[in-house]
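Coordinate analysis (summary)
The primary structure of each chain is shown beneath.
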Amino acid sequence: MREPAALDDPTPFGAAPTERVRQFVASVVIPAEKELDAGGPAAAEALADMRTRARSEGLWALPLPVELGGGGLPFAAYARLAEAEGASDHGPAALGSAPLLDVCMLSRHATDRVRDAYLRPLVAGTMRTCYAMTEPDAPGTEPLLTSTIATRTPDGGWRVSGRKWFVSGAARADLVTVLARTGGAPGDRDGLSLLLVPTDAPGFRVVRELPVLGATGQYEIEFDGVVVPDDHLVGPESDALTIAGERLAIGRTLRCLRWLGQAQRAFDLMCDRAVTRRGSRGPLADHQLVQQHVFNALLALRTTRPLVHEAAALVAAGRDARTEVGLAKVAGARMLQQVADAAIQVFGAAGLGPDTPLPALFRGGRAARILDGPDELHVTSVARRVLRDRAEEAATRG
């Protein structure tokens with residue numbers, strides 16, 4: 001994948017190894033995507049081999065803390081190579097950065113015993129986590145309606161009961177962070193807490209897989225009176241929304257960065273197809289309508305990239321980035337779908353089949369407009385915030 005040289009600009013940490021990551025994903029991860037997508041023992045073995053190679057090349061867990069076995073790359077610097085890493089859905093797992101959100105969350109908010117027990121295995125890649133927030137009977141945009149409950153046990157632990165769905169990677173996870181109500185009733189702002197639940201605990205069950213436009217990886221899960229120790233409460237009781245807000249800001253920004261990498265991949269495939277595919281009237285690249293597809297896709301990429309990196313810079317600085325993250329999330333999801341759609345159009349029937357990654361890239365872009373907050377949520381929240389701020393400014397001037 002070819003990207004602007006600015007992504008390799010030096011940072012205070014040193015030159016981000018963007019090109020090395022790009023080459024690793026292109027030469028090691030992407031050729032094995034079909035095998036990795038299929039799952040099973042062969043996929044697990046292939047992933048293990050990739051991780052061994054990533055460690056040997058000094059590319060393992062670059063954004064994770066050095067003291068835990070990672071590369072120690074600050075988020076601001078990691079953002080510059082996350083595009084290259086994310087060109088394949090399997091890139092973060094192969095390169096060890098997949099647990100970044102959980103490591104950040106547990107490092108900041110978990111108890112000492114939980115940090116000691118889980119952080120090193122997470123960074124080493126020997127333990128996997130997932131995050132369970134959305135429920136089948138409540139809109140994912142309204143966490144206040146959470147009905148999963150956690151009640152105190154006689155010995156001071158927690159008993160968790162409820163269902164969650166659209167949980168990524170739940171079938172392979174060792175731990176799940178679950179949003180549960182420890183007080184109040186559905187609709188109350190107070191009483192929402194986060195609990196870390198081992199998936200081998202009695203009462204935890206994967207109910208079913210939920211294919212997303214035919215793709216695997218999402219699941220519905222059940223907690224049937226699962227008991228966890230008191231020290232598996234993440235952060236203070238009733239503080240889930242604050243912690244989830246931190247997590248969402250980082251998570252949405254990361255996804256946007258990875259969508260840029262995937263869109264760049266689709267764009268490169270489209271351009272290569274245009275200059276190499278010939279018809280009776282010459283190469284596709286000579287057709288004005290193909291040139292229009294290329295122009296519009298490039299425009300979408302070039303206008304979205306600054307939005308995403310602005311959001312990443314604010315998140316890295318610990319500043320309020322709600323508006324910028326909302327803009328980046330909507331723009332990034334639309335951009336990925338647009339660029340992948342244009343590439344499919346240039347490929348023709350071949351773009352619909354199994355010989356290119358374009359169907360998966362298009363599917364990812366379409367799903368991105370709903371998962372992790374639908375477009376409508378971000379449009380509304382950003383517009384309300386902007387208009388509220390403007391009204392306050394007007395009142396101050398008046």
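Note that this is a predicted model, so its numbers are computed, not measured.

So, about the nonpolar core. The biggest cluster of nonpolar side chains holds 89 residues, and the ones touching the most others in it are Val-21, Phe-75, Tyr-78, Leu-106, Leu-194 and Val-339. Excluding its chain neighbours within four sequence positions, the residues that come into contact with Leu-194 are Met-105, Tyr-131, Thr-177, Val-178, Leu-179, His-232, Leu-233, Val-234, Ala-240 and Ile-243. In this structure, Trp-158, Ala-173, Tyr-219 and Leu-233 belong to the second largest nonpolar core, which totals 21 residues.

Attention shifts here to the state of the cysteines. According to the stated counting rule, one finds 0 disulfides in the structure shown. Residue Cys-256 stays outside any disulfide, its sulfur separated by 17 Å from that of Cys-104, the closest cysteine. Cys-256 sits in the buried class, given a relative accessible area of 0%.

Within strand 7 (residues 192–198), 7 of the 7 residues are buried, leaving the element largely enclosed by the surrounding structure. Side-chain alternation along strand 7 places Leu-192, Leu-194, Leu-196 and Pro-198 on one buried face and Ser-193, Leu-195 and Val-197 on a second face that is also buried. One ladder, built from 7 bridges, connects strand 6 (residues 175–181) with strand 7; its direction is antiparallel. Bridged to Leu-175 within strand 7 is Pro-198. Relative to strand 10 (residues 233–234), strand 7 is paired through 2 bridges, and the arrangement is antiparallel. By the bridge assignment for strand 10, Leu-194 is matched with Val-234.

Leaving glycine aside, a negative phi is the common case for residues, and trans is the common case for peptide bonds. Notably, Leu-213 is not glycine yet its phi reads approximately 50 degrees, a positive angle. Given the relative accessible area of 56%, Leu-213 is considered exposed. For Ser-238, which is not a glycine, the phi torsion comes out positive at approximately 70 degrees. Looking at the element boundaries, Ser-238 is found in the loop between strand 10 and helix 8 (240–276).

On to helix 12 (residues 375–397). In this model helix 12 runs 33 Å from its N-terminal to its C-terminal C-alpha over 23 residues, within 8% of the 33 Å that 1.5 Å per residue would give. Among the residues of helix 12, Asp-375, His-378, Val-382 and Arg-385 are the ones counted as buried.

Moving on: the environment of Thr-146. Structurally, Thr-146 can be placed in the loop between strand 3 (129–132) and strand 4 (149–152). Given the relative accessible area of 3%, Thr-146 is considered buried. When sequence neighbours within four positions are dropped, the list of residues in contact with Thr-146 reads Glu-135, Lys-164, Leu-179, Ala-180, Arg-181, Pro-186 and Leu-192. Here Pro-143 takes part through its backbone oxygen, which lies 2.6 Å from a polar atom of the side chain of Thr-146.

Once that is clear, we can look at helix 1 (residues 18–29). Taking 1.5 Å per residue, 12 residues should reach 16 Å; helix 1 reaches 15 Å between its end C-alpha atoms and fits that length. Of all the positions in helix 1, only Thr-18, Val-21, Arg-22, Phe-24, Val-25, Val-28 and Val-29 are classed as buried. On its buried face, helix 1 is in contact with helix 2 (33–38), helix 3 (40–56), helix 4 (75–85) and helix 5 (91–95).

Any two packed helices are characterised by the angle at which their axes cross and by the distance between the axes. Contact geometry of helix 6 (residues 100–109) with helix 7 (residues 112–124) gives a least axis separation of 10 Å together with a crossing angle of 160 degrees. Looking at the two axes, helix 6 sits roughly antiparallel to helix 7. Of the two possible hands of crossing, helix 6 and helix 7 adopt the one that is left-handed. Here helix 6 contributes Asp-102, Val-103, Leu-106 and Ser-107 to the contact with helix 7, which in turn contributes Val-114, Arg-115, Leu-119, Leu-122 and Val-123. For the contact of helix 6 with helix 7, the class distribution of residues is 6 nonpolar, 1 polar and 2 charged.

Turning our eyes to something else, we now look at the packing of helix 4 against helix 8. Here helix 4 crosses helix 8 at 40 degrees, and the two axes come no closer than 6 Å. In terms of orientation, helix 4 lies oblique with respect to helix 8. In contact with Phe-75, Tyr-78, Ala-79, Ala-82, Glu-83 and Glu-85 of helix 4, helix 8 contributes Ile-250, Thr-253, Leu-254, Leu-257, Arg-258, Leu-260 and Gly-261. Along the lines of polarity and charge, the residues of the contact of helix 4 with helix 8 split into 8 nonpolar, 2 polar and 3 charged.

This paragraph deals with the packing of aromatic side chains. This model, assessed by the stated rule, comprises 2 aromatic pairs. Between Arg-55 and the ring centre of Trp-60, over which it is positioned, the NZ or CZ distance is 4.0 Å. Positioned over the ring face of Tyr-131 is Arg-247, at 4.0 Å from the centre of the ring.

With respect to the secondary-structure elements, Lys-329 resides in helix 10 (residues 322–347). One polar contact links the side chain of Lys-329 to the main-chain carbonyl oxygen of Ala-368, over a distance of 2.5 Å. One polar contact links the side chain of Lys-329 to the main-chain carbonyl oxygen of Gly-373, over a distance of 2.6 Å. Setting aside anything within four residues of it in sequence, one finds Lys-329 in contact with Arg-252, Cys-256, Trp-259, Ala-368, Arg-369, Ile-370, Leu-371, Asp-372, Gly-373, Asp-375 and His-378.

This paragraph deals with the environment of Thr-141. Within the secondary structure layout, Thr-141 lies in the loop between strand 3 and strand 4. Once the C-alpha coordinates of Thr-141 and Pro-374 are considered, the two residues, 233 residues apart in sequence, prove to be 7.9 Å apart. Apart from residues no more than four positions distant in its own chain, Thr-141 is found in contact with Pro-374 and Leu-377.

One pass over the structure, following the stated rule, counts 21 salt bridges. Residues Asp-231 and Arg-113 are paired through a salt bridge, measuring 2.4 Å at the closest nitrogen-oxygen approach. With Asp-231 in the loop between strand 9 (218–228) and strand 10 and Arg-113 in helix 7, this pair connects stretches of sequence that are 118 residues apart. The exposure class of Arg-113 is partly exposed, given its relative accessible area of 48%. Two residues, Arg-252 and Asp-372, come together in a salt bridge whose shortest N-O distance is 3.7 Å. Of this pair, Arg-252 sits in helix 8 while Asp-372 sits in the loop between helix 11 (358–368) and helix 12, and the two are 120 residues apart along the sequence. For Arg-252, a relative accessible area of 16% corresponds to the buried category. One network of salt bridges, in which partners are shared, links Arg-163, Arg-205, Arg-208, Glu-220 and Glu-222.

Cut-offs and rules
The numbering scheme is per chain: residues are counted from 1 as the chain's sequence reads. A pLDDT threshold of at least 70 governs which residues receive local features in this predicted model, and a stricter bar of 80 or more applies before side-chain atom pairs are shown or counted, although totals over entire chains, interfaces and linings include all residues. Only heavy atoms go into the side-chain values, all of them from the structure, while hydrogens and water stay out. Remark: nonpolar core denotes a set of buried residues (Ala, Val, Leu, Ile, Met, Phe, Trp, Tyr, Cys) joined through side-chain atoms within 4.5 Å. Note on exposure labels: buried denotes an accessible area under 20% of the residue type's maximum, exposed denotes more than 50%, and partly exposed covers the range between, all computed with a 1.4 Å probe on protein chains only. Here a residue-residue contact requires only that any non-hydrogen atoms of the pair lie within 4.5 Å. Whenever a pair of cysteine sulfur atoms sits within 2.5 Å, that pair is classed as a disulfide. The numbering of helices and of strands both runs from the N terminus, where a helix is a DSSP run of H or I of at least 4 residues and a strand a run of E of at least 2. Here, any two strands with at least 2 DSSP bridges between them count as paired. By this rule, a helix spans an expected 1.5 Å times one less than how many residues it contains. Under the rule applied, a polar contact is a pair of N or O atoms within 3.5 Å (in protein, one hydrogen donor and one hydrogen acceptor; residues adjacent in sequence only if both atoms are side-chain atoms). Axis definition: a line fitted to C-alpha atoms, over the contacting stretch in the case of helices. Angles run 0 to 180 degrees between N-to-C directions. The scheme is simple: roughly parallel for angles under 35 degrees, roughly antiparallel for over 145, roughly perpendicular for 65 to 115, oblique for anything else. Handedness of a crossing follows from how the near helix is turned relative to the far one, being left-handed for an anticlockwise turn of less than a right angle and right-handed for a clockwise one. Throughout this entry, Asp, Glu, Lys and Arg are counted as charged residues, while Ala, Val, Leu, Ile, Met, Phe, Trp, Tyr, Cys and Pro are counted as nonpolar. The remaining residues, Gly among them, count as polar. Paired rings are identified among Phe, Tyr and Trp, the last through its six-membered ring, by centres lying within 6.5 Å, and are further divided according to the angle between planes into stacked (under 30 degrees), edge-to-face (over 60) and tilted (the rest). By the criterion adopted, a ring carries a charge over it if an Arg CZ or a Lys NZ lies within 6 Å of its centre and within 35 degrees of its normal. A side-chain nitrogen of Lys or Arg and a carboxyl oxygen of Asp or Glu constitute a salt bridge if their distance falls within 4 Å.

By themselves, these observations are geometric and do not establish any function.
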